[in-house]
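What follows is each chain in one-letter form.
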Amino acid sequence: MTGAAQQAATTTTRGTLLVVDGHSLAFRAFFALPAENFSTKDGRATNAVWGFATMLSQVLDSEKPDHLAVAFDMKGGTFRNQMLPQYKGTREAAPQELLDQLPVIQKMLADLGVTYIEKQGFEGDDIIATLATMGEQAGYDTLVLSGDRDAFQLITDRVTVLYPGHHFKDLKHMTPQAVEEKYHVSPSQYPDLAALRGETADNIPGVPGVGDGFAAKWINQFGGLESIIEHADEIKGKKGEALRESIDQVRLNRKVNALLRDVDLGVDVDDLTFGGAGIDVDAIDKLFTDLEFGVRTKSKVLKSFNGGARPAASRAAGADAAGKEDDDRALTLPALADDVHDAARLAAWLDALMPARSGKPSADTATASDTSADAEDTVLADRVRAAAVLDVTGCAKPGRARCDSIALSAEGHAAMFAVPTADDGAEDSGVKDNDAAHHGLQTILDRYAGRIIVHGYKEQLHMLAAAGLTLPEPLFDTKLAGYLIDPDFHAESVEQAAEHFLDIRQDDDEEPSQGQLDFDVDDDGADAAASQDAGKTDESRELTQLAMIRALADHLAPALDGNHQSKLLRSIELPVSRVLGGMERAGASVDMMRLTAMRDQFATDAREAQETAWRYAGSRINLQSPKQLQKVLFEDMGLKPTKKTKSGSYTTNASALQDLALRTVDDERANGFLTALLRHRETNKLKQIVQTLIDAVNPQDGRIHTTFEQTVAATGRLSSVDPNLQNIPNRNAEGREIRSAFVPGDGYESLLSCDYSQVELRIMADLSGDEALIEAFRSGADFHKYVASLVYGVPVEEITPDQRTHVKAMSYGLAYGLSTYGLAQQLKIRPGEAEKLKSQYFATFGKVHDYLESLVADARRDGYTETMFGRRRYFPGLKSTNRNIRDAAERGALNAPIQGSAADIMKIAMVRAGDALAKAGLASRIILQIHDELVVEVAHGEAEQVTQLVRDAMEHAVDLAVPLDVSTGLGSDWQLAAH
DNA sequence: GAACTTCCGTT
DNA sequence: GACGTACGGAAGTTCA
């Protein structure tokens, strides 16, 4: 939540000015961080400096100001002390340890190119007030970072105070509304309120017994401090008496807390830039080294202060077309109708709002079967506008799904009802009513499916299924659509999606999910505003949810149309959601006995390896602690200056350990330790994998129900979580054994595994149009041997195993942007040889080379890559001046369209296979997808037919210049089904 | 306790 | 000076 963004909506601005109360921040840092943990070896405390730097970094990151100034108090009194001798008595008593750090903070700011200001005779607060006033007048949105509430008097529509809460992180954006809400007075009246109440932090007494509440009441009653004093006699009771006795004090308070706004600072707001070229990197380097700050601190701080270069986030690509004013509209909540709490009325209600369309009657369950693709392409936005929003709440976890409530909105009206907790026991008295309601709801879902918008079809499907309902394919899914528009953005909630795509933000107080209410650290007591969220009803939350989905749909549908991605949504993503839902609900059956036996075996192996390692090491170190390993290996054993490193320390990863082992063949102890360590790593990992599987088994049905994430992988692939069933070991025999625990469940006889051979290479052959590569695939020969014979110019029969391996690695490396260095490393050959292999390869397949280059070139031109089916991925990194970032982006741009096209094809195949199995009335079902492999649980007697259908579905998912080759295997467990 | 790091499993 | 994509997840360590 950036206050800047909030304000940018209404008025034009010259930018954002951040004014920081230096003392306030330093104080906070000092007292928040224990000095013991933050001091140099020679005993200087650095906690305030460190905290100041990181806290300010955080604010820069979240608020992204483009101008910055820090104000400090100066030693020696101000006019305030003369008026009020005890003024800020508590602050003057700042510990020396903190005072010593202030000059260091100032030096740091100077090195970071930040203007800091202090002026004899004035407080930081006056400087801040002056700067804020100047900023506002110069047309800046101004943010004041201060823990001093006196700053609240500065707040206007264009001046926001960032006020730290309990944790510094949750800064409150104090706007006029926020002040009003919390104190019930306007910002300009706040000093009156503070004068009455006093300020214990500053050692300023107020009217005894009077807090914010009474102060506000009086101010609102009489208009302001002066008229309160005028009418002091009218105030009855103890408080009135106290007031009358404190009038002098209060007057004085008011004089003292008024901030000066016209101090002559001798600066121009426009000059208050920071960071960038103004950073003296060497000086910072020196300073941070002296303070013994880590590299992480340094890079974080430098990055934040480097500001400026912030790529305008790849906001919805269709935004240009949509027009800006549309984006900043406020959320309009639908009105909740309260007389549609049964299915019949709901049907009538919907019918009134959304009359059945002429021409196309109810049978409009429009899915992929809609062949008028082009027509649909341009028209989706219109259809979305006329559709209803459905939102089901509950739990969507497959295997544990639950349905709590169902809400619908259409044409600005909403209806919502709670689903009675399903008595999963047998019958009960209400069955008949439930049946009727159930039937009515299903009828509505069936009838309106093609005109319904949801956020997360698959999740909605699971929840409705728990209530015995089936949701046919909806018209639109804002979660999937958002993913297609910006696949690199991960929204975890509708709120986040709305914030990202629409610049719509809910009230600041209603932070999405994170239930933690943040209480301010007010010295003086309880405020009434504590239970804001508690007051929110489920209904109002749900109305907001519906409105956000509505707004998202209205924004995303035209954006998809504009990108020509509507078909991708309607004929790939939405249908595959349904298939995935089925897979998740089905789950994978496992042999528990087998799993536990394996777990125990791996545990024994790991323990043995651990004992051995401990014996060699001479101490019982934690073998899973990289830190302890580093110590043992590189210090105690004094051995081996390891070559690999990442972020400072020496790596202890497997390949490094293997290297070390090779180089220590003469050193019995080191070698023995390394070997045992590697063995422990291996077996312990396997144990852990098996244990995770055991823990994931649903006791209800003895099956593992993973969740396939459809909107996570930026390339278009699926991912699998909770547990991840896409990374079950397969590379070596020992690990692969785990697959034998995946078995057909009751009523099924075998597992079928079907996988695409070299899909990515085939896609490259098709997209590049390289005749040689196309021919290699069409020939049907051993592909890698064939290619090797072309590359090396020798007959196929003379190709050595080494040659085949090398060419194979080269082929696969292509799509990853593999460097010759990497290739050499992988094949353990000299870089020169790798270089030669690469040039020979490209000489043989020239068009492949051209194609790969064109991918990057196009991405650089367009800003994004596209798969065969129009799935996009944006690569802002291609324009980075940072080599590493740019190189990584180039590899991504190379890989994304290829990996993504493969993902598209597999998704199409899954829909085809799922439909084919259903259409044939078979009980067999797809249960897993591992990127290029499908696992099918085959029912009795269906093996042959299922194999046929799935193979066909996969082979003919798309028509390429080369055949799609699918290999299949059948077996009584997953391992045996491998081929 | 959250957030980050390191390591490692898959395609 | 780094050097193959895309992920999920466990365990240790550090932060606040």
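Residues numbered from 1 in each chain as written. Chains lettered and ligands numbered in written order. Predicted model: local features only at pLDDT ≥ 70, side-chain atom pairs only at ≥ 80, totals over all residues. Heavy atoms only, no water.

Draft legend 1. Molecular detail of the overall build of chain A. From N to C terminus, chain A includes 41 helices and 27 strands. For chain A, the proportion of its 979 residues judged to be buried stands at 51%. Considering only contacts within chain A whose residues lie at least 6 apart along the sequence, 71% involve residues at least 24 apart. By element, 51% of the accessible surface of chain A is carried by carbon and sulfur atoms, the whole surface being about 44,700 Å². (Helix = DSSP H or I, 4+ residues; strand = E, 2+ residues; numbered from the N terminus. Buried < 20%, exposed > 50% of the residue type's maximum accessible area, 1.4 Å probe, protein only. Contact = heavy atoms within 4.5 Å. Areas by Shrake-Rupley, 256 points an atom, 1.4 Å probe, with all protein chains shown as cover.)

Draft legend 2. Representation of the environment of Ala414 within the structure. By the secondary structure assignment, Ala414 is in strand E12 (residues 413–418). Residues Ala414 and Pro334, 80 residues apart in the sequence, show an inter-C-alpha distance of 5.7 Å. Look past the residues within four positions of Ala414 in its chain and what remains in contact with it is Pro334, Ala335, Leu336, Ala337, Trp349, Leu408, Ser409, Leu543 and Leu546.

Draft legend 3. Quick look at the packing of aromatic side chains. Following the criterion strictly, the structure yields 18 aromatic pairs and no others. Their ring planes at 80° and their centres at 6.0 Å tell us that Phe489 and Phe501 sit as a pair that is edge-to-face. With Phe489 in the loop between helix H22 (478–485) and helix H23 (494–502) and Phe501 in helix H23, this residue pair connects regions lying 12 residues apart in the sequence. Since its relative accessible area comes to 22%, Phe489 is described here as partly exposed. Taken together, Phe152, Tyr163, Tyr183 and Tyr190 form an aromatic cluster joined through their ring pairs. For Arg739, the ring lying beneath its charged end belongs to Trp974, and the centroid distance is 4.2 Å. Positioned above the aromatic ring of Tyr864 is the side chain of Arg872, whose terminal nitrogen or guanidinium carbon lies 4.0 Å from the ring centre. (Phe/Tyr/Trp six-rings, centres within 6.5 Å; stacked < 30°, edge-to-face > 60°. Lys NZ or Arg CZ within 6 Å of the ring centre and 35° of its normal.)

Draft legend 4. Geometry of the pattern of salt bridges. Per the counting criterion, the structure on display carries 43 salt bridges. Two residues, Arg197 and Asp212, come together in a salt bridge whose shortest N-O distance is 2.8 Å. Taken together, the positions of Arg197 in helix H10 (residues 190–197) and Asp212 in helix H11 (residues 212–222) put the pair 15 residues apart, joining distant regions of the chain. The salt bridge involving Arg679 is made with Glu682; its shortest N-O contact spans 3.6 Å. With Arg679 and Glu682 both in helix H30 (residues 668–696) and 3 residues apart, the pair spans about one turn of that helix. Among the residues examined, Glu682 registers a relative accessible area of 35% and is labelled partly exposed. (Salt bridge = Lys/Arg side-chain N within 4 Å of Asp/Glu carboxyl O.)

Draft legend 5. Broad picture of the protein's contact with DNA strand B. The environment of DNA strand B is formed by 22 residues, the closest being Thr652, Arg681, Arg717, Asn730 and Arg731. Counting only the atoms of DNA strand B that lie within 4 Å of the protein, the sugar and phosphate share comes to 75%. Residue Thr651 places a side-chain N or O atom 3.2 Å away from a phosphate oxygen belonging to DNA strand B. Contact between DNA strand B and Arg717: a base oxygen at 3.0 Å from a side-chain N or O atom of the residue. Partitioned by chemical class, the residues of the surface near DNA strand B number 5 nonpolar, 9 polar and 8 charged. (Near = heavy atom within 4 Å. Polar contact = N/O pair within 3.5 Å; in protein donor to acceptor, adjacent residues only side chain to side chain. Nonpolar A, V, L, I, M, F, W, Y, C, P; charged D, E, K, R; others polar.)

Draft legend 6. Spatial organisation of the protein's contact with DNA strand C. Residues in contact with DNA strand C amount to 31 residues; listed here are only the nearest, Trp50, Ser625, Asp722, Ser819 and Arg883. Separating a phosphate oxygen of DNA strand C from a side-chain N or O atom of Ser819 is a distance of 2.7 Å. A distance of 3.0 Å is found between a sugar or linking oxygen of DNA strand C and a side-chain nitrogen or oxygen belonging to Arg891. The set of elements that each furnish at least two residues to the surface near DNA strand C consists of helix H28 (626–636), H30, strand E21 (719–721), helix H36 (820–827) and helix H39 (883–919). With 4 residues, H39 is the single largest residue contributor to the surface near DNA strand C. Classifying every residue of the surface near DNA strand C gives 8 nonpolar, 16 polar and 7 charged.

Draft legend 7. Quick look at H30. Compared with an ideal rise of 1.5 Å per residue, which puts 29 residues at 42 Å, H30 spans 42 Å between its outermost C-alpha atoms and is within 8% of the ideal. The opening residue of H30 is Asp667, an N-cap whose side-chain oxygen sits 3.1 Å from the backbone nitrogen of Arg669. (Expected span 1.5 Å × (residues − 1).)

Draft legend 8. Just the nonpolar core, in detail. If you look at the biggest cluster of nonpolar residues, it comprises 165 residues, and the most contacted ones within it are Leu390, Ile406, Phe476, Tyr756 and Leu852. Counting residues per element, this core draws most heavily on H39, at 14 residues. Setting aside anything within four residues of it in sequence, one finds Leu852 in contact with Met764, Leu814, Phe842, Leu894 and Ile898. With 50 residues, the next largest nonpolar core counts Ala129, Val144, Ala151 and Leu225 among its residues. (Core = buried A, V, L, I, M, F, W, Y, C linked by side-chain atoms within 4.5 Å.)

Draft legend 9. Just the sheet that holds strand E27 (residues 966–971), in detail. Overall, antiparallel pairing links the 4 strands, which are arranged E25-E26-E22-E27 in an open sheet. Each end of this open sheet is capped by a strand with a single partner; those strands are strand E25 (925–929) and E27. Going from strand to strand, the sheet's axes swing by 25° on average, the running direction of each strand aside. (Pairing = 2+ DSSP bridges. Axes fitted to C-alpha atoms, helices over the stretch in contact; angles between N-to-C directions.)

Draft legend 10. Spotlight on the pairing of strand E11 (residues 402–410). Counted residue by residue, E11 has 7 buried out of 9 residues, so it is predominantly covered. Relative to E11, strand E10 (residues 388–395) runs antiparallel, the two sharing 7 bridges. Looking at E11, one finds that Val392 is bridged to Ile406. Hairpin connection, E10 to E11: the antiparallel pair is bridged by 6 residues, and Gly399 has positive phi, about 95°. As judged from the 6 bridges shared by E11 and E12, these two strands associate in the antiparallel manner. Across the sheet, residue Ser405 finds its bridge partner in E12, namely Ala418. Two successive antiparallel strands, E11 and E12, enclose a turn made up of 2 residues, where Glu411 displays a positive phi of approximately 50°.

Draft legend 11. Highlighting the sheet that holds strand E18 (residues 697–698). As summarised here, the arrangement of the 3 strands in space is E15-E19-E18, forming an open sheet in which the pairing is antiparallel. The open sheet has two edge strands with one neighbour each: strand E15 (588–589) and E18. Pairing of E15 with strand E19 (residues 703–704) involves 2 bridges; the strand directions are antiparallel. Each residue of the ladder has a partner; that of Ser589, found in E19, is Arg703.

Draft legend 12. Geometry of the confidence of the model for chain A. Summary statistics for chain A give a mean pLDDT of 86 and a share of 87% for residues scoring 70 or more. Note on residues 308–329: pLDDT is under 50 here. Beyond four places in sequence and across chains, it has 27 contacts. (pLDDT = per-residue confidence, 0-100.)

Draft legend 13. Quick peek at unusual backbone geometry. Geometrically, the link from Asp722 to Pro723 is a cis peptide bond, its omega value of 0° lying close to zero. With respect to the helices and strands, Pro723 occurs in the loop between E21 and helix H31 (733–736). Here Lys64, not a glycine, exhibits a phi torsion of approximately 50°, which is positive. Along the chain, Lys64 falls in the loop between helix H3 (47–63) and strand E2 (67–71). At Glu292, a residue that is not glycine, the phi angle is positive and equals roughly 60°. Mapped onto the secondary structure, Glu292 falls in the loop between helix H14 (281–291) and helix H15 (295–306). In this structure Glu292 comes out as partly exposed when scored by relative accessible area, which is 38%.

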